[in-house]
Amino acid sequence: MYERRSIDIMRFVKFGDDLISSNGVGTWQFGSKEWGYGSGYARSTAKDILRRALELNVNFIDTAELYGFGASERIVGDALETDRSKVFIATKYFPVVPLPPLMAERAYGSAKRLRTDIIDLYQLHFPNPAFPLECQVGGLRRLLDRGTVRYGGVSNFSLSYWQSAETVLRRPLISNQVHLSIISQKPLLEMHPWAVANDRVIIAYSPLEQGLLGGRYSLDNKPHGFRRYTSHFSNEYLVRARPLLFRLTEIAKLYVATPAQISLAWLLKLPNVVVIPGASSVSQLEKNVEASEIDLTDEHFEELKELGNELSK
Ligand SMILES: NC(=O)c1ccc[n+]([C@@H]2O[C@H](COP(=O)([O-])OP(=O)(O)OC[C@H]3O[C@@H](n4cnc5c(N)ncnc54)[C@H](OP(=O)(O)O)[C@@H]3O)[C@@H](O)[C@H]2O)c1
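Here is a short report on the structure shown in this document.

Each value, and the rule that gives it
Residues numbered from 1 in each chain as written. Predicted model: local features only at pLDDT ≥ 70, side-chain atom pairs only at ≥ 80, totals over all residues. Helix = DSSP H or I, 4+ residues; strand = E, 2+ residues; numbered from the N terminus. Rg over C-alpha atoms; globule rule 2.2 N^0.38 Å. Buried ≥ 20, exposed ≤ 12 C-beta atoms within 10 Å, placed from the backbone. Contact = placed C-beta atoms within 7 Å. Core = buried A, V, L, I, M, F, W, Y, C linked by C-beta atoms within 7 Å. Axes fitted to C-alpha atoms, helices over the stretch in contact; angles between N-to-C directions. Parallel < 35°, antiparallel > 145°, perpendicular 65-115°, else oblique. Left-handed = near helix turned anticlockwise from the far one by under 90°. Nonpolar A, V, L, I, M, F, W, Y, C, P; charged D, E, K, R; others polar. Right-handed = clockwise from strand over helix to strand, strands pointing away. Pairing = 2+ DSSP bridges. Near = placed C-beta within 6 Å.

## As for the overall build of the chain
Argument step 1. Looking only at helices and strands, the chain features eleven helices and ten strands.
Argument step 2. Relative to a compact globule of 313 residues, whose C-alpha radius of gyration would be 20 Å, the chain shows 19 Å and is just as compact.
Argument step 3. Taking the principal axes of the C-alpha coordinates as reference, the chain spans close to 50 × 40 × 40 Å.
Argument step 4. In the chain, buried positions account for 46% of the 313 residues.
Argument step 5. When contacts within the chain are restricted to residue pairs at least 6 apart in sequence, long-range pairs at least 24 apart make up 75% of them.

Written out as structure tokens, the structure reads:
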């Protein structure tokens, strides 16, 4: 039987010269209407989640200018201004037109909303191959040289595009934020081994598959908001996901944990991986942080890996 230890044991991952908590907080939900959490969530719950995260030694917060069209960054800035030195804030540039002067302007806007002079990690939200790579990363170079940004990162880049971006930038882009979970394992094939061998970090987004791996959704109980209409919450997918969700629940019982916690523990078994689950309540945040204390056995890791691979076929 798994023995729970106290919650103050947070794991950290080397990020350049910094250490970031392997459990971060994703904040797309903050101020974003599409999640359907309402104004009370944006006004108070979101800030409570951040304050509690800090108390639990979480120091990595991920946001983006796109989330709630700046609302998420504003909430993060308001909640954490007094504790700025204790947190490592990552935000993202929405690169529809990735021209260096525009990027500098947008970084300034993000920093202002975040109430900070320096952005710890500035990420290109996705690649934009309509523009040359020099154009996409040129803005990052300027921001790094000026010290407006401490680290540059990418998101949704393939391994080869990530490597090319570094070559063009002529310095490391420490992290790539990609979709990674028990049922979205593609980054584990080539990207993850390269990241481990080269001191890079993979930031796993949607680690709970937007709540699916929490195990409480079914044909009769679908989430509200945009998720209801996404492929992972379609009738067909919910039926196909049953064997995985069933085993996830069984395994969770062995660890006196929840399916969501096991899903995060599965990712946290991987070196150089940081998870950034979103949360709809403070208690979810607490549960997610607790997942870093679960030491999943190799057998359970492999079994879930197999089931997840089956589902993604
Ligand atoms: N770079 C990118 O392109 C990109 C794309 C997507 C996301 N992201 C980032 O990654 C973060 C996380 O991804 P995500 O928000 O898409 O999905 P996620 O973290 O997989 O799922 C978050 C949702 O799962 C449910 N949940 C959270 N903790 C739970 C728990 N302990 N037990 C049961 N259910 C739980 C909550 O929804 P309910 O309670 O309502 O079910 C919550 O809103 C985002 O906030 C954002 O920062 C980045």
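Still more ground to cover, so stick around.
## Some words on the nonpolar core
Argument step 1. Counting residues in hydrophobic clusters, the biggest one holds 88 residues, and the most contacted among them are L50, I202, A204, I262 and V274.
Argument step 2. With seven residues, the single largest contributor to this core is helix α9 (residues 259-268).
Argument step 3. Sequence-distant contacts of L50, that is, excluding residues within four places in its chain, are made with V25, I61, V76, A79 and L80.

## Re the packing of α9 against helix α10 (residues 282-290)
Argument step 1. At a closest axis distance of 8 Å, the pairing of α9 and α10 adopts a crossing angle of 40°. With respect to their mutual orientation, α9 and α10 come out oblique. As for how α9 packs across α10, the hand of that crossing is right-handed. Along the contact surface, α9 presents A260, Q261 and L264, while α10 presents K287, N288 and E290.
Argument step 2. Here the contact of α9 with α10 is composed, by residue class, of two nonpolar, two polar and two charged.

## Some thoughts on the environment of L264
Argument step 1. Within the fold, L264 resides in helix α9.
Argument step 2. The exposure class of L264 is buried, given the 30 C-beta atoms found within 10 Å.
Argument step 3. A C-alpha to C-alpha distance of 12 Å links L264 and L285, two positions 21 residues apart in sequence.
Argument step 4. Residue contacts for L264: discarding those within four places in its chain leaves P207, V275, P277, N288 and A291.

## Quick word on the pairing of strand β8 (residues 175-179)
In the case of a regular strand, side chains alternate between the two sheet surfaces.
Argument step 1. Most of β8 is tucked away: four of the five residues are buried.
Argument step 2. Handedness of the crossover is the feature at issue here: the chain leaves strand β7 (residues 149-155), passes through helix α5 (residues 159-169), returns alongside β8, and the resulting connection is right-handed.
Argument step 3. Bridge count between β8 and strand β9 (residues 201-205): five bridges; the pairing is parallel. Within the sheet, the bridge partner assigned to H179 lies in β9 and is Y205.
Argument step 4. After leaving β8, the chain enters helix α6 (residues 191-197) and then returns to the sheet as β9, a path that is right-handed.

## A word on the environment of N59
Argument step 1. Tracing the sequence through the fold places N59 in the loop between α1 (38-55) and β4 (60-62).
Argument step 2. Remark: the alpha-carbon pair of N59 and G24, spanning 35 residues in sequence, is separated by 6.8 Å.
Argument step 3. Not counting residues within four places of it along the chain, the set of residues in contact with N59 comprises I20, S21, K86, V87 and F88.

## Thoughts on the site of the ligand
Argument step 1. Inspection of the region around the ligand gives 28 residues, with G26, L208, G211, G214 and G278 positioned closest.
Argument step 2. The dominant element in the shell around the ligand, judged by the number of residues it contributes, is α10, at three residues.
Argument step 3. A class-by-class count of the residues in the shell around the ligand yields nine nonpolar, 16 polar and three charged.

## Here's the deal with the sheet that holds strand β10 (residues 273-275)
Argument step 1. Strand order in this open sheet of eight strands is β3-β4-β5-β6-β7-β8-β9-β10, and the pairing throughout is parallel. Looking at which strands have only one partner, the edges of the open sheet turn out to be β3 (25-26) and β10.
Argument step 2. In this structure, β9 lies alongside β10, joined through three bridges in parallel fashion. In the sheet register, I202 faces β10, and the bridge partner there is V273.
Argument step 3. The strands touched by helix α4 (residues 133-146) are β6 (119-124) and β7; relative to β7, the strand with the most contacts, the crossing angle is about 160°.
Argument step 4. Strand contacts of α9: β9 and β10, with the helix running at about 160° to β10, the strand carrying the most contacts.

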